[in-house]
Amino acid sequence: MMKYIFGLLIILSAAASLITGNGLTEAILNEPVRAVELCIYLCGGMCFWGGLMRIAESSGLTEKISSVLGMVLGKLFPGLDKNGRAFRAICMNVTANLLGLGNAATPAGIEAVKEMAKEEGAGDTATPSMIIFTVLNTASLTLIPSTAISLRIKYGSTAPAEIIPAIWITSAVSLTAALTAAILMNRGKKK
Amino acid sequence: MSFTELLIPAVTVIVILWGLKSGTDIFAEFIAGAKENLTVCMELLPTLIALITAVGMFTASGASELMTNACSGTLMRLGFPPECLPLALIRPVSGSGALAVYESVLSHCGPDSLAGKAASVMIGSTETTFYTIAVYYGAVGIKKTRHTVPAAIIGDITGFVVSVITVGILL
């Protein structure tokens, strides 16, 4: 997939530059440098956040949040044992996503689908729990969108963090839409 | 100070206090976590170089403008900032690609413009849908994804539309 996106962007750029007459040399030579700058710029915040969240993890704070979340999440997974490994992995995954712990979210998520496959005997077909779980992960559930805020600071925003409430509301609405769609389609197919 | 200004310092202080209370070596843990993300960051660099350059060429050549101009009439009537269209297209497929496009929107329109704010909300409230599905279902060999993709795409489209609405109402 990525090879087509990368290739298409470059070929379309070359074609457009023939139409518009805009040169590409500067972009080809300067943009990689800007990429390095951007990476270094984001690196500081990513490392600080990673360090802080590592403290949250080893001090048991994430586990605490995870067990509180379990009460809400239980309703979304009626088919799963609430004390089982699958459900616990789901709670850890959602907590990691909320806290912006990308490193921890993916392994917990993979464990969750593996355990769901065992518990529900999936074969090669996605079970309703798996669908709900995957949809939870494809809607972003981030409490603090640190990358977006860092970049807004970089480009001189007067209120870089003001977007947070709008992000929460948007996430909540899109998640509700996706979950409703998943649940309705599941019911539709059973009939 | 507003609520959003307080949020990040508050989370930082809560985590530190909780760590101290539980007897964790917060400094050693912090360093270990920071190191882990340093690796993530360095692994991100080659991808960023590829995609930032490709997106940069797309913008510099005028291709991005041609594309947004072609759709801008319809998008403007819907109240959708045309500059955010490339972001909405790449977001479900590539996280680094979305970052590259987001950065280009911020540098061309400014973070406090309508497009800049809407792009910020979009990137913060949506995920790399297809990548996520591939990783999780790939891990257990699920081939029949049933209604996962349609439900996830409904979520993404809702996210892009609602981003513009929340920016209009709240910001």
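This structure is a prediction, so every number in the text was calculated from the model and none was measured.

> How should the packing of aromatic side chains be read in this particular structure?
What characterises a pair of aromatic rings is the spacing of the ring centres plus the angle enclosed by the ring planes. Throughout the structure, instances matching the rule amount to three aromatic pairs over all chains. Here Phe 48 of chain A and Phe 30 of chain B contribute two aromatic rings whose centre-to-centre distance is 5.3 Å and whose plane-to-plane angle is 65 degrees, an arrangement assigned as edge-to-face. Pair noted here: Phe 48 of chain A is in helix α2 (residues 25-58) and Phe 30 of chain B is in helix α2 (residues 26-60), and the two residues belong to different chains. For Phe 48 of chain A, a relative accessible area of 39% gives the class partly exposed. The cationic tip of Lys 82 of chain A hangs over the ring face of Phe 87 of chain A; the distance from NZ or CZ to the ring centre is 5.6 Å. Sitting above the plane of the Trp 18 of chain B ring, Lys 21 of chain B keeps its charged end 4.4 Å from the centroid.

> So what exactly am I meant to see when it comes to helix α3 (residues 63-77) of chain B here?
Helical periodicity: at 3.6 residues per turn, an α-helix aligns residues three or four positions apart in one direction. Residue and element names in this part refer to chain B. Taking 1.5 Å of rise per residue, the 15 residues of α3 would be expected to cover 21 Å, and the 22 Å separating its terminal C-alpha atoms lies within 8% of that figure. Where α3 bends most, the angle comes to about 55 degrees, and this point is Cys 71. Every buried residue of α3 is accounted for by Ala 63, Ser 64, Thr 68, Ser 72 and Leu 75. Gly 79 sits one or two residues past α3 and shows a positive phi near 80 degrees.

> Sorry if this is basic, but what is going on with the packing of helix α5 (residues 95-109) of chain B against helix α6 (residues 114-125) of chain B here?
All names here are of chain B. At a minimum axis distance of 9 Å, the contact between α5 and α6 shows a crossing angle of 160 degrees. When the interaxial angle is binned, α5 and α6 end up roughly antiparallel. Crossing of α5 over α6 shows left-handed handedness. Touching Ala 98, Leu 99, Tyr 102, Val 105, Leu 106 and Cys 109 of α5 are Ala 115, Gly 116, Ala 119, Ser 120 and Ile 123, all from α6.

> What is the right way to read the interface of chain A and chain B from this model?
Note on interface size: it is often stated as the accessible area lost on association of the parts. With 99 residues of chain A at the interface, the matching set in chain B holds 89 residues. Both faces combined, the contact of chain A with chain B buries some 8,100 Å², and carbon together with sulfur accounts for 76% of it. Applying the counting rule to chain A against chain B returns six salt bridges. Linking chain A with chain B are 28 residue pairs in polar contact (both at pLDDT 80 or more). When residues of the side of chain A that touches chain B are traced back to their parent elements, those giving at least two are α1 (2-20), α2, α3 (61-73), α5 (102-120), α6 (128-138), α7 (146-154) and α8 (164-190) of chain A. With 23 residues, the top contributor of residues to the side of chain A that touches chain B is α2 of chain A.

About the thresholds
Residues numbered from 1 in each chain as written. Chains lettered and ligands numbered in written order. Predicted model: local features only at pLDDT ≥ 70, side-chain atom pairs only at ≥ 80, totals over all residues. Heavy atoms only, no water. Phe/Tyr/Trp six-rings, centres within 6.5 Å; stacked < 30°, edge-to-face > 60°. Helix = DSSP H or I, 4+ residues; strand = E, 2+ residues; numbered from the N terminus. Buried < 20%, exposed > 50% of the residue type's maximum accessible area, 1.4 Å probe, protein only. Lys NZ or Arg CZ within 6 Å of the ring centre and 35° of its normal. Expected span 1.5 Å × (residues − 1). Bend = angle between axes of the 7 residues up to and from the residue. Axes fitted to C-alpha atoms, helices over the stretch in contact; angles between N-to-C directions. Parallel < 35°, antiparallel > 145°, perpendicular 65-115°, else oblique. Left-handed = near helix turned anticlockwise from the far one by under 90°. Contact = heavy atoms within 4.5 Å. Buried area = accessible area lost by both parts, 1.4 Å probe. Salt bridge = Lys/Arg side-chain N within 4 Å of Asp/Glu carboxyl O. Polar contact = N/O pair within 3.5 Å; in protein donor to acceptor, adjacent residues only side chain to side chain.

Just geometry here; none of it tells us what the structure is for.
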